[in-house]
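So you can see what is in the structure, the chains are spelled out below.
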Amino acid sequence: MTISRNPIVESKPQTTFMEGFGMSRAFVLSLVLLSGVAIAFAVFWCFHSAPPNTVIITSGPEGSIFQMNAEKYAKILKRDGITLRILPSEGSLENLKRLADPSWRVDVGFVQGGETPGVNVDKLVSLGSLYNEPLLVFYRGAKPVDLLSQFAGQRVAIGPAGSGTQALALTLLEANGVKPGGATKFLEIDADDAAKALLDGNIEAAFMMGDSASSKVLRDLLHKPQIHLFNFAQADAYTRHIRYLNKLELPRGSIDFGKDLPPQDVYLLGPTVELIGRTHLHPALSDILLEAAHEVHSGPGTFRRQGEFPSPLEHDIRLSNDAIRFYKSGKSFFYRYLPFSMASLVDRIVVVFVPLVVVLVPGVKFVIAAYRWRINMVIHRWYRALLIIEQDVLTDLTPTNRQEMMSRLDRIETMVNKTKVPASFAGQFYELRGHIGFVRSQMMKQEPPNS
């Protein structure tokens with residue numbers, strides 16, 4: 001029998017561990033190596049999974065509502081040490097295309113409802129609806145315009161390419177039989193140029209939305225007596241035909257009480273603006289963005305009630321699981337009471353190391369138990385063989401088979417002596433060797449029966 005020995009170079013903790021649990025040095029080293037690899041991987045994952053400290057948002061043109069909202073978000077995120085990089089765009093449609101294109105380095109963006117046809121949104125998620133974005137149609141002329149079809153054959157500014165304004169304008173005009181290629185002249189110009197052209201009489205109508213027009217331009221046009229705001233008298237019919245649109249009301253005097261602007265209630269149409277991100281958006285960033293959205297958009301406004309937004313309204317792009325969790329229960333526990341960076345670290349430690357301990361400790365115990373069970377099975381196997389020989393000695397020992405039984409006993413003893421066991425099993429193996437000697441002495445004492 002060979003007992004696994006601990007050389008002098010072994011550390012005391014290692015020797016104590018091996019002697020306490022009854023394992024060989026090779027087994028202990030393998031167990032320590034595997035545990036070390038698991039812990040190293042957990043540490044790597046803990047740091048690798050940390051939320052980035054920079055988020056890139058694709059917004060809208062300079063001065064647009066999208067741009068102003070992004071700047072508000074940036075100030076809020078800065079309080080938690082997160083930098084929000086704002087990437088200007090032509091508007092909602094370009095934002096969606098950037099998010100859907102992996103070559104663009106963007107994380108989130110503002111997107112109007114109804115922009116998804118023709119764009120692959122499988123790898124995008126919504127963080128919820130932020131607010132209703134009204135479409136404002138301005139026109140000039142002495143006679144009031146009641147139907148969009150009355151713009152047929154005229155010069156109409158529909159917003160720049162890539163903007164949500166243009167996409168919605170073309171949808172509404174096409175529903176009224178006004179299509180590109182006909183007598184109507186569509187101008188793909190931005191809000192500033194459209195406002196100037198409208199005031200100069202170079203165009204008859206202009207479609208504008210907050211994704212591509214500044215609030216200053218919109219207010220200036222509302223104050224011009226020669227420019228009129230189109231009233232969507234058919235708003236209810238539009239919302240039933242185009243489901244992503246909402247009927248919005250601009251009350252009389254809501255722009256300017258003193259000048260009574262507008263002079264009567266005006267019905268408008270508008271989609272809901274959503275905050276869209278990619279599927280791999282970090283949950284912690286999702287929470288902090290939604291918290292910023294709540295701070296910016298939860299108050300009352302012309303087209304929203306107090307606390308109406310942000311809301312978990314799902315349209316063409318599915319709501320993310322993190323957003324659903326946020327709307328139900330708010331931020332996770334640590335982020336409520338700790339600074340963002342510390343909460344992120346504690347959260348990752350809990351997520352990584354608690355399950356690791358829960359799995360690793362029982363796993364190590366199981367492996368140790370399995371190893372000891374294996375050694376015990378080896379001992380029991382030799383005891384089983386020894387019992388068979390002892391029974392044969394007591395019942396069937398003859399001069400003929402004495403030598404054969406002695407050879408069997410010698411083979412067992414030789415195999416036992418060659419077996420390597422940890423020091424903690426030495427007592428059992430010495431007992432086994434003593435029992436082998438006992439059976440041998442029984443064979444030597446017992447005279448074979450007379451034939």
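Before any of the text, the structure's been laid out above.
We now turn to the structure provided with this report. Predicted model only: the values in this text are computed from it and were never measured.

So, on to the sheet that holds strand β7 (residues 155–157). What the five strands build is an open sheet, ordered β8-β7-β9-β6-β10; its pairing is mixed. Sheet topology places β8 (185–187) and β10 (227–229) at the edges, where each strand pairs with a single neighbour. The mean inter-strand angle of the sheet, taken between neighbouring strand axes irrespective of direction, is 25°. Helix α5 (residues 164–175) rests against β8 and β9 (205–208) of the sheet, and its axis sits at about 125° to β9. Helix-sheet contacts for helix α6 (residues 191–200) involve β6 (136–140), β7, β9 and β10, and the interaxial angle to β9 is about 155°.

Geometrically, a packed helix pair is captured by the angle between its two axes and the distance between the axes. Where helix α9 (residues 283–297) meets helix α10 (residues 321–329), the axes come as close as 10 Å, and the angle between the chain directions of the two elements is 50°. As the angle between them shows, α9 and α10 are arranged oblique. For α9 against α10, the interelement crossing comes out right-handed. When α9 is examined against α10, the residues Pro283, Ser286, Asp287, Leu290 and Glu291 are found in contact with a partner set consisting of Asp322, Ala323, Arg325, Phe326 and Tyr327. Classifying every residue of the contact of α9 with α10 by side-chain character gives five nonpolar, one polar and four charged.

Here we take up the pairing of β9. The alternating pattern of β9 places Ala205 and Phe207 and Ala206 and Met208 on opposite faces, both of which are buried. With two bridges connecting them, β7 and β9 associate as parallel partners. By the bridge assignment for β9, Ala157 is matched with Ala206.

To continue, consider empty space enclosed by the protein. Scanning all chains against the criterion turns up three cavities of 30 Å³ or more. Reported here for the second largest cavity is a volume of approximately 40 Å³. Residue lining of the second largest cavity: Val111, Gln112, Gly113, Gly114, Glu115, Thr116, Glu274, Asp316 and Ile317, and that is the complete set.

All right, on to the nonpolar core then. Within the largest apolar cluster, 30 residues are counted, with the highest numbers of intra-cluster contacts made by Tyr73, Phe110, Leu275 and Leu289. Of all the secondary-structure elements, those providing two or more residues to this core are β2 (54–58), α3 (65–78), β4 (108–112), β5 (124–132), β12 (266–278), α9 and α10. Ranked by residues supplied to this core, first place goes to α9 with eight residues.

Turning next to the environment of Gly109. Among the structural elements, Gly109 can be located in strand β4. Expressed as a C-alpha distance, the spacing of Gly109 and Ala70, which sit 39 residues apart in the sequence, is 8.9 Å. Excluding its chain neighbours within four sequence positions, the residues that come into contact with Gly109 are Ile57, Thr58, Leu99, Glu274, Leu275 and Ile276.

Bringing the pairing of β6 into the picture now. Across the five residues of β6, four count as buried, placing the element largely inside the fold. With four bridges connecting them, β6 and β9 associate as antiparallel partners. Within the sheet, the bridge partner assigned to Tyr139 lies in β9 and is Ala205. Relative to β10, β6 runs antiparallel, the two being bridged by three bridges. Residue pairing for β10: Tyr139 is matched across the bridge by His228.

There is a patch of like negative charges on the surface, built from Glu90, Asp190, Asp192 and Asp193. Structurally, the position occupied by Glu90 is in the loop between β3 (83–87) and α4 (92–100). Exposure remark for Glu90: the relative accessible area of 35% places this residue in the partly exposed category.

Turning our attention to the pattern of salt bridges. Summed over all chains, the structure comprises twelve salt bridges. The salt bridge involving Arg408 is made with Glu404; its shortest N-O contact spans 3.8 Å. Taken as a pair, Arg408 and Glu404 lie in helix α13 (residues 399–418) at a separation of four residues, close to a single helical turn. Take Arg408: its relative accessible area is 19%, and that puts it in the buried class. Close ionic contact of Arg440 with Glu413 constitutes a salt bridge, the shortest N to O distance being 2.7 Å. Placement of Arg440 in helix α14 (residues 426–445) and of Glu413 in helix α13 is noted, with a sequence separation of 27 residues between them. Beyond isolated ion pairs, a larger network of salt bridges with shared partners links Asp287, Asp322 and Arg325.

Calculation criteria
- Residues numbered from 1 in each chain as written.
- Predicted model: local features only at pLDDT ≥ 70, side-chain atom pairs only at ≥ 80, totals over all residues.
- Heavy atoms only, no water.
- Pairing = 2+ DSSP bridges.
- Helix = DSSP H or I, 4+ residues; strand = E, 2+ residues; numbered from the N terminus.
- Axes fitted to C-alpha atoms, helices over the stretch in contact; angles between N-to-C directions.
- Contact = heavy atoms within 4.5 Å.
- Parallel < 35°, antiparallel > 145°, perpendicular 65-115°, else oblique.
- Left-handed = near helix turned anticlockwise from the far one by under 90°.
- Nonpolar A, V, L, I, M, F, W, Y, C, P; charged D, E, K, R; others polar.
- Buried < 20%, exposed > 50% of the residue type's maximum accessible area, 1.4 Å probe, protein only.
- 1 Å grid on protein atoms, 1.4 Å probe; cavity = no way out; pocket = protein on both sides within 12 Å on 5 of 7 lines; lining within 4 Å.
- Points joined across faces, edges and corners; volume = space filled by probe spheres on them.
- Core = buried A, V, L, I, M, F, W, Y, C linked by side-chain atoms within 4.5 Å.
- Patch = residues over 30% accessible without salt bridge, like charges linked within 9 Å, V, L, I, M, F, W, Y side chains within 5 Å.
- Areas by Shrake-Rupley, 256 points an atom, 1.4 Å probe, with all protein chains shown as cover.
- Salt bridge = Lys/Arg side-chain N within 4 Å of Asp/Glu carboxyl O.
- Lys, Arg positive; Asp, Glu negative; His and termini not counted.
- Charge placed at Lys NZ, Arg CZ, Asp CG, Glu CD.

Treat this as a map of the structure, not an account of what it does.
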